[in-house]
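A look at the structure
What follows is the residue order along each chain.
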Amino acid sequence: MITPTLDLERSLAAQGYDLITGFDEVGRGALAGPVMVGCAAIWACDLAPLDGDDSAELSGRTYLGVPDGVADSKMLTEHTREAIFDELRDWCAAYAVGQASNTEIDEWGITYALGVAALRALSQVERELGLRLGGGLTAKKAAGEIVEGRPGGSVGEFIGNCEGSVRALPKVAGILDGPSDYITKALNTFDAPDVPIPADITTKVKGDQHCATVATAAVIAKVTRDRLMVDLAQSNPRYAAYEWAHNKGYGSAAHRAAIAEHGPTPLHRVSWHLT
């Protein structure tokens, strides 16, 4: 199993970015439930310089290392993901999971829905870190758009090793798993949330295998969505036949057979080929 590193995050820090964010999605191919995008953020000044070692004490400071156990979420068992979930959340300066509902997916298409979900997560992360433009918070959060995130705070509470080194208008970098930047394409569109400081996005194929922030975002998003699908499965006896607690909304044989027999629920993506 490949262990992610902080090499790309440190390279972006060396380019002058103050906040490094990793993004990964979950639920793109599901037949039911929302799509979610996790965002895991770390301060650049908590990273060792490019010529240093992760977790090494340099000049009296202990730098951020790769969290224990993190890897591509698809390569980890459900038990392992659950076991490291809290540790990964604590490792982040801030984190959030944004979602787009099945009805939004039907209305917008999956690519734009992913972009909006990612921007919802980024907006929440920046709010938690106190990042704002013009002295006021411009980010907006509507009910149901954010399903996981740390309670809000201020920059001073999350600054780590930075000691005042973060500029008044921080530069934000984002690493997005995959080849396509759907985040920037959705920025400033009608349905997207306002983001105080848009991130400059770098795409990375198999980023969840190679970049610690992306792998962390992937696990947080995966656990969050899996828990939601289990809760939804138990919320209404009508949903029992679809077995979401086991298939998490993906197109298993039992799930497709239940759709063929009982029809779609209000949580299905009806614009998709369901059977």
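All residue numbers refer to positions counted from 1 along the written sequence of the respective chain. The predicted origin of the model limits local features to residues at a pLDDT of at least 70 and limits the giving and counting of side-chain atom pairs to 80 or more, whereas totals for whole chains, interfaces and linings rest on all residues. Heavy atoms from the whole structure form the basis of all side-chain values; hydrogens and water molecules are not counted.

What about the overall build of the protein?
- Along the protein, the regular secondary structure elements total 10 helices and 8 strands.
- Between buried and exposed lies partly exposed: a residue is buried under 20% and exposed over 50% of the maximum accessible area for its type, with that area taken using a 1.4 Å probe on protein chains only. For the protein, with 275 residues in total, the buried portion stands at 53%.
- Only the protein chains shown count as cover for residues, and all accessible areas are computed by the Shrake-Rupley method using a 1.4 Å probe. Carbon and sulfur atoms provide 51% of the accessible area of the protein, an area that totals close to 11,700 Å². Helix and strand definitions here come from DSSP, where helices need a minimum of 4 consecutive H or I residues and strands a minimum of 2 consecutive E residues; each element is numbered from the N-terminal end.

Section: helix α4 (residues 110–128)
- To estimate how far a helix should extend, the number of its residues minus one is multiplied by 1.5 Å. Its 19 residues give α4 an end-to-end C-alpha distance of 27 Å, which sits within 8% of 27 Å, the value for a rise of 1.5 Å per residue.
- In terms of burial, α4 is a largely internal element, 16 of the 19 residues being buried.
- The positive-phi residue at the C-terminal boundary of α4 is G130, with phi of around 80°.

Quick notes on the pattern of salt bridges
- The working definition used for a salt bridge is a side-chain nitrogen of Lys or Arg within 4 Å of a carboxyl oxygen of Asp or Glu. In total, this model carries 6 salt bridges according to the counting rule given.
- Put simply, R89 and D86 hold a salt bridge, and the shortest N to O gap is 2.5 Å. You can see R89 and its partner D86 sitting in helix α2 (residues 78–91), 3 residues apart, about one turn around the helix.
- Put simply, D226 and K222 hold a salt bridge, and the shortest N to O gap is 3.4 Å. Taken together, the residues D226 and K222, both in helix α8 (residues 212–235) and 4 residues apart, mark about one turn of the helix. Considered together, D226 and K222 belong to a single accessibility category, that of buried residues.
- One network of salt bridges, in which partners are shared, links R81, K222 and D226.

Points about empty space enclosed by the protein
- Buriedness for pockets is judged along seven lines, at least five of which must meet protein on both sides within 12 Å for an open set on the 1 Å grid over protein atoms alone, while cavities are sets there where a 1.4 Å probe fits but cannot get out, and lining residues have an atom within 4 Å of a point. Grid points are joined across faces, edges and corners, and a volume is the space filled by probe spheres set on the points. The tally for this structure, following the rule as stated, stands at 1 cavity of 30 Å³ or more.
- Approximately 40 Å³ is the volume attributed to the largest cavity.
- Lining the largest cavity, in full, are L119, L122, I183, T184, L187, V195, P198, A199 and I201.
- Breaking the lining of the largest cavity down by element, the ones donating at least two residues are α4 and α6 (182–186).

Brief notes about the confidence of the model for the protein
- Mean pLDDT over the protein works out to 87, with 83% of the residues at or above the 70 mark.
- In the model, residues 134–143 has pLDDT below 50 throughout and makes 19 contacts with residues more than four positions away in sequence or in other chains.
- pLDDT is defined as a per-residue confidence score from the predictor, taking values between 0 and 100. Any two residues having at least one pair of non-hydrogen atoms within 4.5 Å are treated as being in contact. A low-confidence stretch, residues 152–160 (pLDDT under 50), is modelled with 22 contacts involving residues beyond four sequence positions or located in other chains.

Comments concerning the environment of G174
- Within the fold, G174 resides in strand β7 (residues 172–177).
- Between the C-alpha atom of G174 and that of L12, which follows or precedes it by 162 residues, the distance is 9.2 Å.
- With residues near it in sequence (within four places) discarded, G174 still touches T21, F23, A199, D200, I201 and T202.

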